[in-house]
Each structure stands twice: as structure tokens, then as C-alpha cells.
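# Overview (structure and organization)
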Amino acid sequence: MGTSTVTGRTRSMGALFTGVALLNTATVGLGTAATLIVAAGSGAVWSGLPSVANVLGTAAGALGAGRLLPVHGSRRVLAGGYGLAAAGALVAFAGTLATSVVPLLLGILLVGLGNGGAQLSRYLAADLYPEDRRGRALSTVVWGGTVGALAGPALMAPAAGAAAGFGWPSLSGPAAVAVLATAGAALAAAFLPRHVPPQREPGLRPGPEASPPGPPKSLAVADRGPVRPAGFARPLVAMVVAQLTMGAVMTMTPLQLQAHGHGLGVVGWVLSAHLFGMFALAPLSGRIADRWGPHVAVNAGLGVLALAAATALAAPTAHTSGLPIALFLLGYGWNLVFVGGSAQLSRDLAPETRSRVQGTVDAVVWSASALAGLGSGALFAGGGYGLVAVVGGVLALLPLAFSATRDGR
């Protein structure tokens, strides 16, 4: 392999990793501040609106980016998405200064659109490597979420203090950090290689990324490319189930802890264990997907999710042992499914439809987050934390049972 190829790959991986890390930093800090602002101004009943805006924006961003990437390339699409996120962060910052909910939610929606492109960066990383290394490549970019999960909360207090020093509302500080982070992500995207459009007509001189000469394919034919249903149906179902299980149990855990008299310190400790499981071990998940196959990683992740739900059910009040373990397993089970499912999508889909299908899958998965947040509240109100854990565990086991039935048949 030539030195220029290795250098270009390293530069691209660095740009993709940096973009994901910075977008995650912006999203975590801004989302937390927005939740507190909305709760203080409009009541706790509306405090979930920032999360809904972020999820809807991310789903729409992933869907749009998946369709634009084959035409315009990663550099233009990610830079444009991150630029849109920076504009959204500015709008949200203005909302925090005026303590106005509408611009705050609009800004978060725009940041979510940029975050949708960041989520697809893992597939762009996988495409840089041969098939037997794609799991590790995409897991490296997923691991970038660890930076945001740690930096976002850690920067909130100093940013709030700096904002107060300027005479601004303290919660405008995290929004200012989001402006800087999203602008940095847009700058990082400039280091991605330029896109060479695919050849459309025979006789044209092909570029480095152009398709070989031959009869042109119509857009309709390309859209009906040979995508095997098994190539995306199984990972899609598994990733949606993982998102539902994780989202339901994770969302209700702070309420469970609060109901038993625990403060924010305990909530933060338990959620830190969860975030560590979600991101920190992503490279291990990638190695499992490359060594034993994506389906092994997915099935292992579903099993770990079921174990996490069982642990939460068995120790619903053990804030120093059972719940941190359950939330760590919940995060890592999700990570195994996410990395394994993504690796399968990067291998099994036809090149001409790959980005479109990947974007659609991500949009569906992120939409499942909104469903998990709404459904878990109803379950918690009707049957408590135990019912949430039971439903989450059953959901995780269903794809395993279905897969075993199909394989046995």
C-alpha cells in the first residue's frame, strides 16, 4: 500500500473521529442545559422537548445525508451538516441569552440535523478499509462518542462560570461551547478528500472514484439495486430493539433513583457507568465483529441487553452495585449491537444503494429513541421500574428467538 494512501486514510479517519467527538460534545452539553431551561420556564412536563427535537433532527439528518453522500461526497455533506449545526448552536445560544424556548428548540433541531451526518461517519470510516477490518474502523469512530460523553458534562460548570463572568445567564455557557464545538467539526470536515462524481456517460474520462465505462444506469435502476432483504432487515430489527431497550431502561433509571431518595451525585455515577459501556469498549466490539462476524456481535449484544434488564429487575434499588452494573451492561449490549449491525450493513449492501439504506436505518433507529422515551414513561407509571425492565428484556430476546427459529428451520 502506498504512503499517500495510508496518509490519506489516516487524515480521513482523524477528521471523521474529530467531527463525531465535537458533535457529541455539543449535543450532550447543549441538551442538558436546554432541559434545565425548559423545565425552569415551562415546567417539568415539557422538559423532554429538547430531547425530542434532537432525536427528530438527528433522524432527519441521517436520512438526508444518506441520500446526499453518493452524489456530493463526505467532505461537502459533512461540512454542510456541521455548518448547519453551528448555525443551530448560534440560534440556541441566542435562545439561552433571551431565555426563550422557541429559538432554543429550533437551534437544537438544527444541531440534530448535523449530528445525523456525524452518525453516518462510522460507515465512511468502514469504507476506507478492506472487509476484514471494517468493524474495527467503524468502532474507532463510534469510540469518538466517549470524548463527547466525558467532555460535554465536564465543560458545563466552567462554561457556566465563564458565562456568568460576562454577565450572561449561566446556562448560556454550554450553548457557547456548542457553537465552538460545531464550528470545529465543520473545520475538521475540510480535511476529508474531495469527492469525484461517478461517471454518468460512456466516453468520459473516469476519475479516481468514477465507475468503469459502460452503459449508464438510470436513477430508477440504481434505486432498485440488488439489496438483499437479509442484508439490512436483521441488523435493522436488532438495532431498533437495542435502542428501545436501552432508551426505556436508561430513561427511567434516574426517576427510579430519585424515587428512592438519591440525589444527582448518585444519578451521575450510575449514568457514567452507562456511558462508559456505551462508548469506551467500542474497539472491542469492532474486533469481535471482524474476528467472528457481525452477527455474533449482534447476538452477543442482545444477550447482554437481556442480562442488563434482568440485573435491573433483580436489584432495582442497589445504587452502589446492581444498578451501575445493569446500566454498564445496558450500554455495552447496545454498543455490541450498534457496531455489529453497522458492520453488517457496511459489508452486505450493494454499493449503489449503501448510503441511502444506511441513512434510512439510522433514521429509523433514532426515531425509536423517541418511542422509547414516551413508552417507558407510560410503563413506569403503570407498573414501576420492574415492568420497564421486564419489557426491555423481552424485547431484547425476541430477535434472538426469531433468529434461532429461522436457523433451525
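Read on for an overview of the structure. (Residues numbered from 1 in each chain as written. Predicted model: local features only at pLDDT ≥ 70, side-chain atom pairs only at ≥ 80, totals over all residues. Heavy atoms only, no water.)

### Things to note about a nonpolar patch on the surface
Side chains of Val52, Leu56, Leu106 and Leu109 sit close together on the surface and give an oily, nonpolar patch of about 310 Å² of accessible area. Mapped onto the nonpolar patch, the elements with two or more residues apiece are helix H2 (49–98) and helix H3 (101–119). Mapped onto the elements of the fold, Val52 is located in helix H2. Overall, Val52 belongs to the partly exposed group, its relative accessible area being 36%. (Patch = residues over 30% accessible without salt bridge, like charges linked within 9 Å, V, L, I, M, F, W, Y side chains within 5 Å. Areas by Shrake-Rupley, 256 points an atom, 1.4 Å probe, with all protein chains shown as cover. Salt bridge = Lys/Arg side-chain N within 4 Å of Asp/Glu carboxyl O. Helix = DSSP H or I, 4+ residues; strand = E, 2+ residues; numbered from the N terminus. Buried < 20%, exposed > 50% of the residue type's maximum accessible area, 1.4 Å probe, protein only.)

### Here we look at the side chain of Asn115
Note on placement: Asn115 falls in helix H3. According to the relative accessible area criterion, Asn115 is buried, its value standing at 4%. If sequence neighbours within four positions are ignored, Asn115 has contacts with Leu23, Thr27, Thr58 and Trp366. (Contact = heavy atoms within 4.5 Å.)

### Quick look at the pattern of salt bridges
As enumerated under the stated definition, the model contains four salt bridges in all. Between Asp290 and Arg136 there is a salt bridge; the shortest N-O distance is 3.0 Å. Note that Asp290 is positioned in helix H10 (residues 282–292) and Arg136 in helix H5 (residues 134–165), a separation of 154 residues in sequence. Here the salt bridges do not stand alone but share partners, grouping Arg136, Asp290 and Arg347 into one network.

### Re H5
Compared with an ideal rise of 1.5 Å per residue, which puts 32 residues at 46 Å, H5 spans 47 Å between its outermost C-alpha atoms and is within 8% of the ideal. The largest bend along H5 measures about 40° and falls at Met156, with the proline Pro158 one to four residues further on. Positive backbone phi, at 85°, marks Gly167, one or two positions downstream of H5. (Expected span 1.5 Å × (residues − 1). Bend = angle between axes of the 7 residues up to and from the residue.)

### Regarding empty space enclosed by the protein
Applying the stated criterion across every chain, the model contains two cavities of 30 Å³ or more. Estimates place the volume of the largest cavity at around 40 Å³. Together, Thr25, Gly29, Gly152, Leu155, Met156, Ala159, Pro174 and Val177 line the largest cavity. Elements with a minimum of two residues in the lining of the largest cavity: helix H1 (3–42), H5 and helix H6 (172–189). Residue contributions to the lining of the largest cavity peak at four residues, all from H5. Classifying every residue of the lining of the largest cavity by side-chain character gives five nonpolar, three polar and no charged. (1 Å grid on protein atoms, 1.4 Å probe; cavity = no way out; pocket = protein on both sides within 12 Å on 5 of 7 lines; lining within 4 Å. Points joined across faces, edges and corners; volume = space filled by probe spheres on them. Nonpolar A, V, L, I, M, F, W, Y, C, P; charged D, E, K, R; others polar.)

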